[in-house]
Amino acid sequence: MDLEAPKIKSAEEFFYIQRNYQKQYRDNNRFIAICGDTGCTARNSKAILGSLDRCLKEKDLSETVGARFTGCLGLCESGPLVIVYPEEILYHRVIPDDMPEIVEETVQAGRIIDRLIYRDPSSGEKYAYARGLPFYKKQVRNLLSGNWKTDPTKIEDYIAQGGYEALVKAVTEMSPGEVVQEVKEARLRGRGGAGFDAGLKWEECFKASGRKFIICNADEGDPGAFMDRSLLEGNPHAVLEGLIIGAYATDAREGVVYIRSEYPTAVEKIKTAINRAKELGLVGDDILGSGFGIQIYLSIGAGAFVCGETSALIASVDGRVGEPVQKPPRLVQQGYLDRPTVVNNVETLANVPHIIKQGAENYRATGTEASSGTKIFSLVGKVNNTGLVEVPLGMTLREIIFEIGGGIKEGKAFKAVQTGGPSGGCLPASYLDLPTDFESLTEVGSMMGSGGMIVMDEDTCMVDLAGYFLKFLADESCGCCFTCREGISRLLELVQNISCGRGSLDQLDLLKELAEVVKDSTLCGLGQTAPNPVLSTIKYFEDEYRVHILQNKCPAGVCRALITFEIIESYCNGCGLCKKNCPSDAITGEQKKPHYIDKDQCDKCGICFSTCRNEAILKQ
Amino acid sequence: MINLTMDGLKINVEPGATLLDVARFYGANIPTLCYDEALSPYGACRLCLVEIGEPGKSRLVSSCTYPAREKLNVRTNTVRVMQTRKMIIELYLATCPSSKTIQDLASKYGVTGVRFSPKNEECILCGLCVRMCEEQMQAKAIGFVDRGVNRRISTAFDRKSEQCRLCGACMYICPVCQVRCQGPSG
């Protein structure tokens, strides 16, 4: 492609260039898209692309059939994913050796390869076309749809799909005030956690005078959450476009993308995106001849979870230690370099081009009255279809987990779902019909957070789970506030006591009391929400805590100190498999005679339990 | 001038004052461990919590860092403030049981027992010494290292500091360990 394209100086020039790109894109109608995002790359999708290229060359098809990497296609569980366009045939769990067959059968002969198409794990039904999959059917993929066809490193792809049209519209047809008004009317709420009205924030910043900044918060640190990463890796130009529009609306002339160094691919992609946009004149001075200009810088964080908190983020951008400070003054009054600063989450910014393009009215049609638009959740844990799902706000948890997620793995029973990352709460089955919007989730003691959704089945122990999240937060707390640093580690101590069988009912009461104090007395969002996992598990699963304390048993069989392994003599055929695999040599017995576990020596690792073919091991 | 209500009292204060300044000026009794008039406020000890906002929608903030704002309703001695403060003192007592300052605080607020396992720490990481060293002594010889539960105070790279003049101001200002703390030895 033409790398030395001249800078675009007006809206007419932009649409001329867009038509060119669209023509090129249409000429490449037949192409094969391979998911090039984290999950699929880890399963060797690079080799798949290599194999495809070789194959196309051998068959002399390189000219007529395109091959490209795209962003995350969503169904990470079944990666690597390959989609054959224009029919949109989806193949899953593809290996490099499958590519010659795909080229021969599907591209040349037009036949679908039965063994590579997706089968629904619960119903067993087969789906050949991507759009027909139940996983995709219920979703409204506004933000993620760009991932399907565009190569994230190519601005041409993005522009051909209608990208940067919103920027052109905003900069050439609208005043900053009108852009703010549009976003306000769309009721766009921050997708990073707090759910603050993005339009209000912009308005306040727009009214301030002097040097201003807009910062894109790409410091996504929740365990199990990867929507910002996928947006940045799969469609970085959408985020960039949102950032530029935001800068135009708030009259900020400098933008910063704050991104964690643990996301090297995302850093690379956004860097490429900024450079390509600069080359076309979409970033820089005098964009599209409007007189408005913006410089965008990258700031790479060292990966502290607390740096996702906006005031800590600003300290980090500034080169100081990432510690939150007291608000007020709020950041729109006094932020980076003591100047008015707007900090928006990646997903919030990615929503902006859609609002400008389709108008606030149309945007508001999706979602609920108070929470409009769509939200990306990273659906992980014990569900059949783990991956990224984008749904209208207000969809019930049941629809997300059971219809899109395909239900619980191995037919087990649903136990709880943790929304909002480590600071969110665990909701039991009785709340499955709860709509997922900001208010409903907060009301029942959880939160929207950035959109992590961890599904748990009957084999999860809630005490152990609360301990896991507390441990994460104890490590990630900045340690400034005494109640956060010491409070979380004491909460952890109490929870660990309970899971070790050393707990008492008094300790359970103390746990509740301390959790409330930590929630109440800490400075920033991290500490204020840190007790949520404890409080919500106690609220909905107090019985489980009581069983741990009073009966010294772990009902889910997770807490090692409270479980024992035993061999049922009548079931054991003496195959010796458990004895062979036991790492602590705790199993004795002669061949073909019942074996025996020495409980003092047993480490309770559970290997015997999972290796026994006769179900002779009893876990209690 | 800023108009606000504190414990039912209507008060006028200069802009720039913190809630702790106001409270202390009007005689409200608010304990602190990380605050010193000569140093910038830090908000780490959380003892100076006050309740702000209307009942029902109120929240607790550290008064040493919260600026006085127009029409703010501040209450310094509600049940919520007192209960939270007592729990925080209990946590302090469990962390540093041998500190005289903390023992005195506990007796003053009626904390008679500790339900957590005692830790015998020597430092509560209030950061007074760090700020003293930086702001008053202009030395920046010590600072915080690491984060979360591993946070501690030390010199750069745990080596003997070239900036340290062994002035002892850090030991002088320390509210807790005083005797046992040996200053920034390398």
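All values reported here derive from a predicted model rather than from experimental measurement.

Could you give an account of the nonpolar core, naming the residues involved and the relevant values?
Residue and element names in this part refer to chain A. Counting 231 residues, the largest nonpolar core has V82, V183, V239, I245, L470, L491 and V495 as the members making the most contacts within it. In contact with L470, not counting residues within four places along its chain, are I488, L491, L492, V495, P533 and V534. Membership of the second largest hydrophobic core comes to 12 residues, among which are I567, I587, C612 and A616.

Outline the domain arrangement of chain B, listing residues and values.
Residues and elements named next belong to chain B. The domain architecture assigned to chain B consists of domain 1 (2–77) and domain 2 (128–173). Each of domain 1 and domain 2 was reduced to a C-alpha centroid, and the two centroids are 28 Å apart. Counting residues at the interface gives 6 residues for domain 1, matched by 6 residues for domain 2. Of the residues that constitute the side of domain 1 that touches domain 2, the class distribution is 4 nonpolar, 1 polar and 1 charged.

Please set out the interface of chain B and chain A residue by residue, giving values where relevant.
Every contact between the two is made by 24 residues of chain B and, on the other side, 25 residues of chain A. Contributing elements (two or more residues each) for the side of chain B that touches chain A: β4 (59–62) and α2 (79–95) of chain B. At 5 residues, the largest contribution of residues to the side of chain B that touches chain A is made by α2(B).

Talk me through the sheet that holds strand β4 (residues 89–91) of chain A; I want residue IDs and the actual numbers.
Neighbouring strands of a sheet are bound in pairs by backbone hydrogen bonds; such pairs are parallel or else antiparallel. Residues and elements named next belong to chain A. Reading across the sheet, the 4 strands line up as β2-β1-β3-β4 and stay open at both edges, with mixed pairing between neighbours. What marks the edges here is a single partner per strand, and that holds for β2 (66–70) and β4. Pairs of neighbouring strands in the sheet enclose a mean axial angle of 20°, with direction left out of account. Both strand β1 (residues 31–35) and strand β3 (residues 82–84) contribute to a ladder of 3 bridges, which runs antiparallel. Among the inter-strand pairings, I34 is bridged to a residue of β3, identified as V82. Contacts from helix α4 (residues 99–108) reach β3 and β4 within the one sheet, and its direction differs from that of β3 by about 30°.

Help me get a handle on the sheet that holds strand β13 (residues 414–419) of chain A, residues and values and all.
All names here are of chain A. Taken together, the 5 strands give an open sheet; going across it, the order is β12-β11-β15-β13-β14, and neighbouring strands pair in mixed fashion. Each edge of the open sheet is held by one strand with a lone partner, namely β12 (387–392) and β14 (426–428). On average, each strand axis in the sheet is inclined to that of its neighbour by 30°, with strand direction left out of account. In this structure, strand β11 (residues 374–381) lies alongside β12, joined through 6 bridges in antiparallel fashion. Each bridged residue has a counterpart across the sheet, and for S378 the counterpart in β12 is L388.

Provide a residue-level description of the domain arrangement of chain A, including the pertinent values.
All names here are of chain A. Once the domains are mapped, chain A shows domain 1 (11–149), domain 2 (155–364), domain 3 (374–457), domain 4 (462–550) and domain 5 (564–619). Centre-to-centre, using C-alpha coordinates, domain 2 lies 35 Å away from domain 4. If you look at the interface, domain 2 gives 11 residues, while domain 4 gives 9 residues. Partitioning the side of domain 2 that touches domain 4 into residue classes produces 6 nonpolar, 3 polar and 2 charged.

Hey, could you go over the pairing of strand β7 (residues 213–218) of chain A for me, with residue numbers and the actual values?
Residues and elements named next belong to chain A. In terms of burial, β7 is largely enclosed, as 6 of its 6 residues are buried. Where β7 and strand β8 (residues 254–260) come together, 6 bridges link them in parallel fashion. Paired with A218 across the bridge in β8 is I259. Where β7 lies against strand β10 (residues 341–345), 5 bridges are found, and the strand directions are parallel. Across the sheet, residue I215 finds its bridge partner in β10, namely V343.

I'd love a proper account of the environment of A:G132, names of residues and values included.
Residue and element names in this part refer to chain A. Along the chain, G132 turns up in the loop between β6 (126–127) and α5 (134–137). On the neighbour-count criterion, G132 (15 C-beta atoms within 10 Å) is partly exposed. Apart from residues no more than four positions distant in its own chain, G132 is found in contact with Y127 and K137.

Account for the confidence of the model for chain B, naming residues and giving values.
For chain B, per-residue confidence averages 90 on the pLDDT scale, and 95% of positions sit at 70 or higher. Across chain B, strand β3 (residues 49–52) of chain B holds the top mean pLDDT of 96, while helix α5 (residues 169–173) of chain B sits lowest at 89.

Describe the packing of helix α19 (residues 482–499) of chain A against helix α22 (residues 532–550) of chain A, with residues and values.
All names here are of chain A. α22 packs onto α19 with a crossing angle of 35° between their chain directions and a minimal axis gap of 10 Å. Where α19 approaches α22, its residues L491, V495, I498 and S499 are matched on the opposing element by V534, Y545, H548 and I549. The residue inventory of the contact of α19 with α22, partitioned by class, reads 6 nonpolar, 2 polar and no charged.

Describe unusual backbone geometry, listing the residues and the values that go with them.
With an omega dihedral of 0°, the bond running from A:K327 to A:P328 counts as a cis peptide bond. Within the secondary structure layout, A:P328 lies in the loop between α14 (310–317) and β10. Although it is not a glycine, A:L337 adopts a positive phi angle of roughly 55°. Along the chain, A:L337 turns up in the loop between α14 and β10. You can call A:L337 exposed: it has 12 C-beta atoms within 10 Å. For B:D7, which is not glycine, the phi torsion reads 50° and is therefore positive. Positionally, B:D7 belongs in the loop between β1 (2–6) and β2 (9–13).

What counts and how
Residues numbered from 1 in each chain as written. Chains lettered and ligands numbered in written order. Predicted model: local features only at pLDDT ≥ 70, side-chain atom pairs only at ≥ 80, totals over all residues. Core = buried A, V, L, I, M, F, W, Y, C linked by C-beta atoms within 7 Å. Buried ≥ 20, exposed ≤ 12 C-beta atoms within 10 Å, placed from the backbone. Contact = placed C-beta atoms within 7 Å. Domains from an automatic or database assignment. Nonpolar A, V, L, I, M, F, W, Y, C, P; charged D, E, K, R; others polar. Helix = DSSP H or I, 4+ residues; strand = E, 2+ residues; numbered from the N terminus. Pairing = 2+ DSSP bridges. Axes fitted to C-alpha atoms, helices over the stretch in contact; angles between N-to-C directions. pLDDT = per-residue confidence, 0-100.

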